[in-house]
Amino acid sequence: MIVLGSTSEIAQAFVEKALQEGERFERIYLFTSNKETTERFARHIDVKFLQQSEIIELDLTKEINYQNFDSVNSSLLFCATGYLGDGTEEGLYDNKNTEKIIDINYSKLVPVINYFAQKFESRRSGTIIGLSSVAGDRGRQSNFIYGSAKAAFTAYLSGLRNYLFEKKVHVLTVKPGFMATKMTEGLPLNPKLTANPKQAAECIYKAFKKQKNVTYVLPIWGVIMMIIRNIPEFIFKKLKL
Amino acid sequence: MKPNFTQKVTNWGNFPIVEKEMRSEDSFKKIKEFVLSHNEVIARGNGRCYGDASLGENIFSSKKLNKFISFDRINGIIECESGVLLSEVLEISVPQGYFLYVTPGTKFISIGGAIASDVHGKNHHSEGCFSEYVTEFKLMTENGDVITCSREHNTDKFWSTIGGMGLTGIILSAKFKLKNIETAYIRQESIKADNLDEIFRLFEESESWTYTVAWIDCLQKGQNIGRSILMRGEHAFRHELAENEAKSPLVLKKKFSPTVPFYFPNFVLNALTVKLFNFLYYKKQSKKEIKNFVDYETFFYPLDFVNDWNKIYGKSGFIQYQMVIPKETGKEGMKRILETIANSGNGSFLAVLKLFGENNTDAYNSFPFEGYTLALDFKVNSKLKQLVDQLDHIVQEFGGRIYLTKDSMSRSSLTDYLKNVNSSKFVSLQHKRILNNK
Ligand SMILES: Cc1cc2nc3c(=O)[nH]c(=O)nc-3n(C[C@H](O)[C@H](O)[C@H](O)COP(=O)(O)OP(=O)(O)OC[C@H]3O[C@@H](n4cnc5c(N)ncnc54)[C@H](O)[C@@H]3O)c2cc1C
């Protein structure tokens, strides 16, 4: 299994869920920009499940050396890489912030996934799971830089799914709504609309097993986003969302 | 939106409820920043202490310190971060033939909480407290330094932290020994006792059993005072089990656990329902003595079967009153306590009696000492403070004391027994309350 964004609590919960369900991998490749946190996780799954793993540094804000990934092979890729950055109010006109959001969520990430997609394609098997976001379903004034990068990522995953279908590789797009994770700690989230990483992992694992195409972590988000997508633009632009 | 870490926080008894800052971090560097940037900090595990022990101005939650570090499967020594729950340890250790040496009546507590309260179980008389099996732990002190404490290194901090209620620093990780088991089952005997004399005799007769505990019907009066059921148990050997269980003796079937969906309204739990519960509980066992085999969850954690059961006590919450009274006068003291409760009409759903063995004198901040301990749940209502005061009076008279991890309103003369924990940085609401009431 290949994990991009290994410090993500959702990614870690997914790995644990899969292992709990009895899945075993020759090796789990933990890609990360934070070695310390990832080492803790690597030891943890070794103690808990006797699962071997290998940590590989990946910093999307830096030059990427693909040769380091040569030996990485698997039939499952889980991508949880993401960066929220500052919202529009604090960060819109800060170009560094904007670039970083776009790089990590889309522009620098896509070539990395493509690199592995090619390996999957040539083996004619496997699943790619990508965490996108409900923020990508429609641009809203509060965080549309992040939202637009996620929208691009959603479109990429959808196209990739279409492209790889004939090649027997499946692509699953996951759209978590509010999540109780490090990213959102301290924000006033409505508990009824907020899932924890464990819940997310269960939902994603199910969707993975059923070969679903797109899944919202909490079903309610499917409904909310359908409504939000369908509000006419002349009304939408006046809303404070 | 800027994050705001202030939130409503409360422990298992839902009393008191406070609005304070609570943060969780998983890197030592960030934890250090948190410690250094606040005047008053207290650690919190899973909030299973009942009262105000893990509440403070700025709460550090160990929730994210949730990783295992190592497991020596040959010698049964495990190391994990302090936020790991006992339930998570059991999940991996039981299938490997290892059990916790000491466990409280719930498995949903953290390792940090187990050390800070130096928890005891049904085997205190035979195997002591949790700390007996802790070989070392890492502690973050006031200036953010991380020190390793054991019986050989930083001995002072090792012993003051054990039972020290978080007042010496933040426990980051710990290493502890596990005990070998052949099966996940317990050979159990339950014996009915008609009154206090009988239950005390049963306790003393059962001293050779590893686990003993009794459930008391605490609404009985006169002749029937102390009516109870004693339970004693031993880890079962494989050859003792029925064929079905013996096939995979370390694996339990998955069970359904219901959740209490909301706070029960106030009228649900009144003197009458408590009486009925205790009556039924006692009558459920029609025979004088039952011998059987039960899985470890049923034996150690009967209450964990229902998630969020604390909600049945309603929004105003409840307290647990746990005291220990020296053995010599234990019977007399318990009698006075039970009489007082019966007369107050303020019934307790749950009343657990246990005989503690000798204490480890090195672990000077641990609550247990040789004697009888009783733990009772009471719903918070307008009459409770008065009852607690009456009970405190008796405990004081008999030279007993109160378990800090369950305390939220007892008099400070019964809870002010910690030593070497004076820090201006690590301060809990409980500690302040105790110092202010002195
Ligand atoms: C149903 C039930 C049954 C119980 N049965 C028993 C029993 O049989 N025997 C028994 O002894 N206890 C029993 N308890 C009490 C429980 O075991 C203790 O209160 C335990 O300390 C709770 O652990 P926690 O992780 O929830 O910690 P908290 O409740 O969050 O904290 C408890 C104390 O530990 C400190 N602490 C927590 N984490 C750390 C850390 N990382 N570093 C430093 N200090 C820390 C806190 O400051 C606080 O003083 C029971 C509780 C319940 C709810």
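Before any of the text, the structure's been laid out above.
Residues numbered from 1 in each chain as written. Chains lettered and ligands numbered in written order. Predicted model: local features only at pLDDT ≥ 70, side-chain atom pairs only at ≥ 80, totals over all residues. Heavy atoms only, no water.

*Asks:* For this particular structure, what's the right way to read the overall build of chain B?
*Replies:* Helix and strand counts for chain B come out as twelve helices and 18 strands. Over its C-alpha trace chain B gives a radius of gyration of 21 Å, about what one expects of a compact globule, namely 22 Å for 438 residues. Overall, the C-alpha framework of chain B stretches about 60 × 55 × 45 Å when taken along its three principal axes. Across the 438 residues of chain B, 60% fall into the buried class. Taking the intrachain contacts of chain B between residues at least 6 apart in sequence as the baseline, contacts between residues at least 24 apart amount to 74%. Positive and negative charge centroids in chain B, built from 56 and 51 side chains respectively, lie 6 Å apart. (Helix = DSSP H or I, 4+ residues; strand = E, 2+ residues; numbered from the N terminus. Rg over C-alpha atoms; globule rule 2.2 N^0.38 Å. Buried < 20%, exposed > 50% of the residue type's maximum accessible area, 1.4 Å probe, protein only. Contact = heavy atoms within 4.5 Å. Lys, Arg positive; Asp, Glu negative; His and termini not counted. Charge placed at Lys NZ, Arg CZ, Asp CG, Glu CD.)

*Asks:* Sorry, what's going on with the overall build of chain A here?
*Replies:* Looking only at helices and strands, one finds nine helices and nine strands in chain A. Here the C-alpha atoms of chain A give a radius of gyration of 18 Å, agreeing with the 18 Å that 2.2 N^0.38 yields for 241 residues. Structurally, chain A occupies a C-alpha span of about 55 × 35 × 35 Å along its principal axes. Across the 241 residues that make up chain A, the buried fraction comes to 52%. Partitioning the contacts of chain A with sequence separation of at least 6, the portion at a separation of at least 24 is 75%. Surface summary for chain A: the accessible area is close to 11900 Å², and the carbon and sulfur share equals 51%. In chain A, the 32 positive side-chain charges and the 25 negative ones have mean positions that sit 8 Å from each other. (Areas by Shrake-Rupley, 256 points an atom, 1.4 Å probe, with all protein chains shown as cover.)

*Asks:* Please clarify how helix α5 (residues 109-123) of chain A should be interpreted in this entry.
*Replies:* Since one α-helical turn is 3.6 residues long, residues separated by three or four positions face the same way. Residue and element names in this part refer to chain A. Between its first and last C-alpha, α5 extends 22 Å over 15 residues, near the 21 Å set by a 1.5 Å rise per residue. For α5, the complete set of buried residues consists of Leu109, Val110, Val112, Ile113, Tyr115, Phe116, Ala117, Lys119 and Phe120. Where α5 is buried, its residues contact β1 (2-4), β2 (28-32), β4 (76-79), α4 (95-107), β5 (127-131) and α6 (144-165). Residue arginine 124 follows α5 closely and has a positive phi angle near 55°. (Expected span 1.5 Å × (residues − 1).)

*Asks:* When you look at the interface of chain A and chain B in this model, what are you seeing that I'm missing?
*Replies:* Many structure descriptions define interface size as the accessible area lost when the parts assemble. Counting residues at the interface gives 18 residues for chain A, matched by 22 residues for chain B. For the pair chain A and chain B, the summed buried area comes to about 1800 Å², and 50% of that belongs to carbon and sulfur atoms. When the buried surface of chain A facing chain B is broken down by residue, A:Arg40, A:Val47 and A:Glu185 rank first, second and third, together holding 38% of it. Summed over the shared surface of chain A and chain B, the number is four salt bridges. The residue A:Glu185 makes a salt bridge to B:Lys64 at a minimum N-O spacing of 3.1 Å. At the junction of chain A with chain B, the criterion picks out nine residue pairs in polar contact (both at pLDDT 80 or more). The dominant element in the side of chain A that touches chain B, judged by the number of residues it contributes, is helix α2 (residues 35-49) of chain A, at eight residues. (Buried area = accessible area lost by both parts, 1.4 Å probe. Salt bridge = Lys/Arg side-chain N within 4 Å of Asp/Glu carboxyl O. Polar contact = N/O pair within 3.5 Å; in protein donor to acceptor, adjacent residues only side chain to side chain.)

*Asks:* Can you walk me through the state of the cysteines in this structure?
*Replies:* Defined simply, a disulfide is a covalent bond joining two cysteines at their sulfur atoms. A complete count under the given rule lists zero disulfides over all chains for this structure. In this structure A:Cys79 is not part of a disulfide, and its nearest cysteine sulfur, from A:Cys203, lies 16 Å away. Exposure remark for A:Cys79: the relative accessible area of 0% places this residue in the buried category. B:Cys129 takes part in no disulfide bond, and the closest cysteine sulfur to it belongs to B:Cys49, at a distance of 17 Å. Accessibility expressed as a relative area gives 6% for B:Cys129, which makes it buried. (Disulfide = S-S within 2.5 Å.)

*Asks:* What am I meant to see in a negative patch on the surface here?
*Replies:* On the surface, B:Glu204, B:Glu207, B:Glu328, B:Glu358 and B:Glu370 cluster together into a patch of negative charge. Note that B:Glu204 resides in helix α6 (residues 196-205). (Patch = residues over 30% accessible without salt bridge, like charges linked within 9 Å, V, L, I, M, F, W, Y side chains within 5 Å.)

*Asks:* Honestly, the nonpolar core in this entry has me stumped. Any pointers?
*Replies:* The tendency in soluble globular proteins is for nonpolar side chains to be buried as a group. Within the largest apolar cluster, 71 residues are counted, with the highest numbers of intra-cluster contacts made by B:Ile111, B:Phe130, B:Phe137 and B:Phe176. Once you skip the residues sitting within four places of it in the chain, B:Ile111 turns out to touch B:Cys80, B:Glu81, B:Ser82, B:Val84, B:Leu86, B:Val89, B:Phe130, B:Ala174 and B:Phe176. Residues A:Ile28, A:Val174, A:Tyr216 and A:Leu218 belong to the second largest nonpolar core, which totals 41 residues. (Core = buried A, V, L, I, M, F, W, Y, C linked by side-chain atoms within 4.5 Å.)

*Asks:* Explain a nonpolar patch on the surface here, please?
*Replies:* Together, A:Phe234, A:Ile235, A:Leu239 and A:Leu241 make up an exposed nonpolar region whose accessible area comes to about 340 Å². Tracing the sequence through the fold places A:Phe234 in helix α9 (residues 233-236).

*Asks:* Mind showing me how you'd approach helix α8 (residues 219-230) of chain A here?
*Replies:* Residues and elements named next belong to chain A. Taking 1.5 Å of rise per residue, the twelve residues of α8 would be expected to cover 16 Å, and the 18 Å separating its terminal C-alpha atoms lies within 8% of that figure. Buried within α8 we find Trp221, Gly222, Met225 and Ile228. Seen from one end, α8 has its buried residues packed into an arc of 135°, which puts them on one side. For α8, the exposed residues lying more than 90 degrees away from the buried face are Pro219 and Asn230. Considering only its buried residues, α8 is in contact with β7 (178-179), β9 (214-216) and α9. (Arc of directions from axis to C-beta.)

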